[in-house]
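Overview (structure and organization)
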Amino acid sequence: MNQLFKTSIDYLKGVGTSRADVLKKELGIFTFEDLLRHFPFKYIDRTRFYKIREINPDLPHVQVIARLTSFETVGEKHTKRLVAQVQDDTGVMELVWFQGIRWVEKTLIRGKAYIIFGKPGAFNGKAQIAHPEMEPYSAEAMKRKGNLTLQPAYNSTEKLKQFQLDTKGIQKLTAALLEAHAKDIQENLPQYILNRFRLMGRREAYIGIHFPEDSTKLHEAVHRLKFEELFAIQLKLLKNKLLRNQKFKGFVFEKVGDYFNTFYQQKLPFDLTDAQKRVLREIRIDTQRGVQMNRLLQGDVGSGKTVVALMNILLAIDNGFQACLMAPTEILATQHYHSIRNMVGEDFISVELLTGSVKQKNRKGIHERLEDGSLQVLIGTHALLEDKVQFKNLGLAVIDEQHRFGVEQRAKLWRKNVMPPHVLVMTATPIPRTLAMTLYGDLDVSVIDQLPAGRKPIETIHYYENQRLPMFGFMKREIAKGRQVYVVYPLIQESEKLDLKNLMDGVEVMSREFPLPQYRISIVHGKLTAAEKEFEMQRFVKGETQIMVATTVIEVGVNVPNASVMVIENAERFGLSQLHQLRGRVGRGAEQSYCILMSSHKLSREGRIRLDTMVQTNDGFKIAEIDLELRGPGDIEGTQQSGVLDLKVANLSTDQQLLLQARTVVEEIFEKDPQLEHPENLLLRQMLQTQNQGLSWDKIS
Ligand code: ADP
Ligand code: MG
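Looking at an unreviewed UniProt entry, one finds the chain named ATP-dependent DNA helicase RecG, with Mucilaginibacter straminoryzae as its source organism. Looking at the chain in UniProt, the text filed under Sequence similarities (unreviewed entry) is "Belongs to the helicase family. RecG subfamily."

Right, dumping it as structure tokens:
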């Protein structure tokens, strides 16, 4: 938008100081541009005319042609109202006004036909419209209506209505703005892009979205504005990526050496899936080209991300570098530590664990060995970020469950060597492709879209509370087969006390149903110290306990292949991605695994969709799509600082195709013209410049 549209809304004709104030406070409309971008949230169809006989209070807005037969003011003081009778060839209807009576009265003409528009109601069993819009019927008026068949409806508030800024009032302001300044709306996409994607011009689109001539034009206008919006984001993201590639040289991992090869040939207990191999190739290419790698590794739970991370670590070691792996919780870090040690075996590489609960004297040793380079791999929590933790030559940082780490923390990692290390971010919560492209659009994304062979899909069952007995029976049969069971309770953040009570009640019920000495139960919750948690976890891992009762602390990462049942209590309280994460804790061995969702009978519509989705599919990406549809991007972790929420027209869940187009074309443009120097790309250079003046987009990397 050019400078003109930055003009304060005070200066728009018909606004003035007091209305400007409420527009700012209530709708965040500060400038001409803000008003122009306050888009209608729906359109009322005025193509259709109703007969009076057809009208009933269930209809939305309707339009009627009828003759005014009589009108009169009735009532006193605050019950005073103007009531008019109208009729067509099918019946009679009442119109009523409670406000502006004197003015309306003056304009009404008995015997005249009107085009009447409004929301129908009923009074005394008779159809009625309160405060209708009225316009004398004429061939001329009908023609004009024919041109404006979709009436825009704008968000407004009670406060705004006091200033006559209801949907109609806002419509008037927008019309005034467009009337005066539509000519100043400049195109911001190059002609060749408009041609290629058959996009409407920008000016036409702004007019079209506010005052569409018909639904085709409306569709074209919205399409154009969506494209522009998605395009602008991709331009910014890919530009950042380009800049980063220029700015941050990366360590070169020249060779695949002994560590990698020995592990691959002698230690790896299974064949890699094709997807794992593909990702490893991508990483190999990334780390060879002299530019810092910034790769996001997405993979469904159980898809085998850890081994990919490990092989990346071995690649770093092969090239004389150290590596670290950071996880968001102590349990997870510990788990990684053990599983990596298990996979590599004794005396292969040196690995240590550093978390908050590692004793001071042990820390000292770790610090020293990191600094002299004898320690090759450090696994841990945030503790890795402390300034005291200095590497001799850190070449790779693997970050698990990335959305739990902030930008600051990642930046700290970057400063641990003279050049920033390569970064591999792993996320176990698949996010929809569109969201990934927008959230992590400046990262490279790898996807493991395949589970290891021989995995049996987890069977998911939904039980209501009164089906507790069959559930217990099921648990017992599985335990009798030598399997283990998780039972998870939700965390309700409002009250930790209540959570604990919830859990303890559950434990009591479980202990009665599963008594010693036949059964043994581990309990893990947030109130335990790290050491206590670890102790309980280990008992379960070693198979000393058959049941693990826990709050969601076990949500991510925990790997006990012998556990085959996941019972989730109050499942309706969990979000979809959380349910999917929890379910992913089972199904890790060769046995058939089960997930049992316990819920009350009272389910919201969304709650039911969530549970049904879980029962129907194991596909994390599909679940993520549905999650996005249900919640919108705003509630999905990691989106807050991303700019995704500034989307005004585009919708990440329905506009995938368009986003893909926008992304692809931006990629092509940068490929051909990285500096945007061609005259035909001048507009794009300007687009980037205006973006840079605008919002701060600092985020992820
Ligand atoms: P996630 O992607 O959820 O982090 P993990 O890395 O924990 O998954 O792997 C889950 C389990 O699958 C582990 O027990 C791991 O050893 C095993 N696994 C990984 N890759 C393969 C494979 N290609 N074939 C068989 N098992 C595999
Ligand atoms: Mg994992």
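**Overview of a negative patch on the surface**
On the surface, a cluster of negative charge is made up of Glu204, Glu213, Asp214 and Glu220. Relative to the helices and strands, glutamate 204 is located in helix H8 (residues 202-210). Judged by its relative accessible area of 40%, glutamate 204 falls in the partly exposed class.

**Here we look at the packing of aromatic side chains**
Following the criterion strictly, the structure yields eleven aromatic pairs and no others. Both rings, one in tyrosine 486 and one in phenylalanine 540, keep their centres 5.2 Å apart while their planes meet at 55°; by these two values the pair is tilted. Linking tyrosine 486 in strand S18 (residues 484-488) with phenylalanine 540 in helix H19 (residues 530-541), this pair joins segments that are 54 residues apart in sequence. Both residues of the pair, tyrosine 486 and phenylalanine 540, count as buried. Centre to centre, the rings of phenylalanine 514 and tyrosine 519 are 5.0 Å apart; their planes meet at 90°, and the pair counts as edge-to-face. With a relative accessible area of 1%, phenylalanine 514 lands in the buried category. By relative accessible area, which is 8% here, tyrosine 519 ends up buried. Cluster of aromatic residues (ring-pair linked, three or more members): Phe197, Phe227 and Phe231.

**A short note on the packing of helix H13 (residues 330-344) against H19**
Two elements in contact, H13 and H19, have axes separated by 10 Å at closest approach and are oriented at 50°. Here H13 lies oblique to H19, going by the angle between them. Crossing hand, H13 versus H19: right-handed. Note on element contacts: H19 touches H13 through Ala530, Lys533, Glu534, Met537 and Gln538, opposite Glu330, Ile331, Thr334, Gln335 and His338. When its residues are assigned to classes, the contact of H13 with H19 shows three nonpolar, four polar and three charged.

**Let's talk about the sheet that holds strand S17 (residues 459-464)**
Read from one edge of the open sheet, six strands run S17-S22-S21-S18-S20-S19, paired in parallel fashion. Two strands lie at the open edges of the sheet, namely S17 and strand S19 (521-524), each paired on one side alone. Neighbour-to-neighbour, the strand axes of the sheet open up by a mean angle of 20°, direction not taken into account. One ladder, built from four bridges, connects S19 with strand S20 (residues 547-550); its direction is parallel. Across the sheet, isoleucine 521 pairs through a bridge with isoleucine 547, a residue of S20. Sheet strands in contact with helix H20 (residues 576-583) are S17, S18, strand S21 (563-568) and strand S22 (594-599), and its direction is about 150° off that of S21. Relative to the sheet, helix H21 (residues 605-616) contacts S17 and S22, its axis offset from that of S17 by approximately 145°.

**Observations concerning the domain arrangement of the chain**
For the chain, the assigned domains are domain 1 (48-148), domain 2 (258-448) and domain 3 (459-617). Centre-to-centre, using C-alpha coordinates, domain 1 lies 61 Å away from domain 3.

**Regarding the site of ligand 1**
Around ligand 1 lies a shell of 16 residues, among which Asp271, Gly302, Lys305, Thr306 and Arg455 are the nearest. Between a nitrogen atom of ligand 1 and a main-chain N or O atom of aspartate 271, the distance comes to 2.8 Å. Here lysine 305 contributes a side-chain N or O atom positioned 2.8 Å from an oxygen atom of ligand 1. The fraction of the free accessible surface of ligand 1 (560 Å²) that becomes covered by protein chains is 82%. In terms of residue class, the shell around ligand 1 is built from four nonpolar, seven polar and five charged.

**Description of the nonpolar core**
Grouped together as the largest cluster of nonpolar side chains are 56 residues, with contacts concentrated most on Phe227, Phe231 and Leu378. Examining the composition of this core, we find that eight residues originate from one element, helix H9 (residues 215-247), more than from any other. With residues up to four places along the chain from it excluded, the contact list for phenylalanine 231 reads Leu189, Ile193, Ala662, Val665, Val666, Ile669, Leu684 and Met687. In terms of nonpolar packing, the next biggest core, distinct from the first, is built from 43 residues, Phe263, Phe321, Phe348 and Val351 among them.

**A word on the pattern of salt bridges**
Tallying each qualifying case throughout the model produces 29 salt bridges. Ionic pairing is found between arginine 202 and glutamate 228, a salt bridge with its closest N-O pair at 3.2 Å. With arginine 202 in helix H8 and glutamate 228 in helix H9, this pair connects stretches of sequence that are 26 residues apart. This pair shows no difference in class: arginine 202 is buried, exactly as glutamate 228 is. In the salt-bridge network here, residues are joined through shared partners; they are Glu187, Arg202, Arg224 and Glu228.

**Examining the sheet that holds strand S7 (residues 126-130)**
In spatial order, the strands read S6-S7-S4-S3-S2-S5-S8; together these seven strands make up an open sheet with mixed pairing. The two strands at the open ends of the sheet, each matched to only one other strand, are strand S6 (120-123) and strand S8 (133-136). Here the average twist between neighbouring strands, direction ignored, is 45°. When S6 meets S7, the two strands line up antiparallel, connected through four bridges. Residue pairing in the sheet places phenylalanine 123 in a bridge with lysine 126 of S7.

The rules we used
- Residues numbered from 1 in each chain as written.
- Chains lettered and ligands numbered in written order.
- Predicted model: local features only at pLDDT ≥ 70, side-chain atom pairs only at ≥ 80, totals over all residues.
- Heavy atoms only, no water.
- UniProt positions renumbered as here; feature names shortened; annotations may be inferred.
- Patch = residues over 30% accessible without salt bridge, like charges linked within 9 Å, V, L, I, M, F, W, Y side chains within 5 Å.
- Areas by Shrake-Rupley, 256 points an atom, 1.4 Å probe, with all protein chains shown as cover.
- Salt bridge = Lys/Arg side-chain N within 4 Å of Asp/Glu carboxyl O.
- Lys, Arg positive; Asp, Glu negative; His and termini not counted.
- Charge placed at Lys NZ, Arg CZ, Asp CG, Glu CD.
- Helix = DSSP H or I, 4+ residues; strand = E, 2+ residues; numbered from the N terminus.
- Buried < 20%, exposed > 50% of the residue type's maximum accessible area, 1.4 Å probe, protein only.
- Phe/Tyr/Trp six-rings, centres within 6.5 Å; stacked < 30°, edge-to-face > 60°.
- Axes fitted to C-alpha atoms, helices over the stretch in contact; angles between N-to-C directions.
- Parallel < 35°, antiparallel > 145°, perpendicular 65-115°, else oblique.
- Left-handed = near helix turned anticlockwise from the far one by under 90°.
- Contact = heavy atoms within 4.5 Å.
- Nonpolar A, V, L, I, M, F, W, Y, C, P; charged D, E, K, R; others polar.
- Pairing = 2+ DSSP bridges.
- Domains from an automatic or database assignment.
- Near = heavy atom within 4 Å.
- Polar contact = N/O pair within 3.5 Å; in protein donor to acceptor, adjacent residues only side chain to side chain.
- Core = buried A, V, L, I, M, F, W, Y, C linked by side-chain atoms within 4.5 Å.

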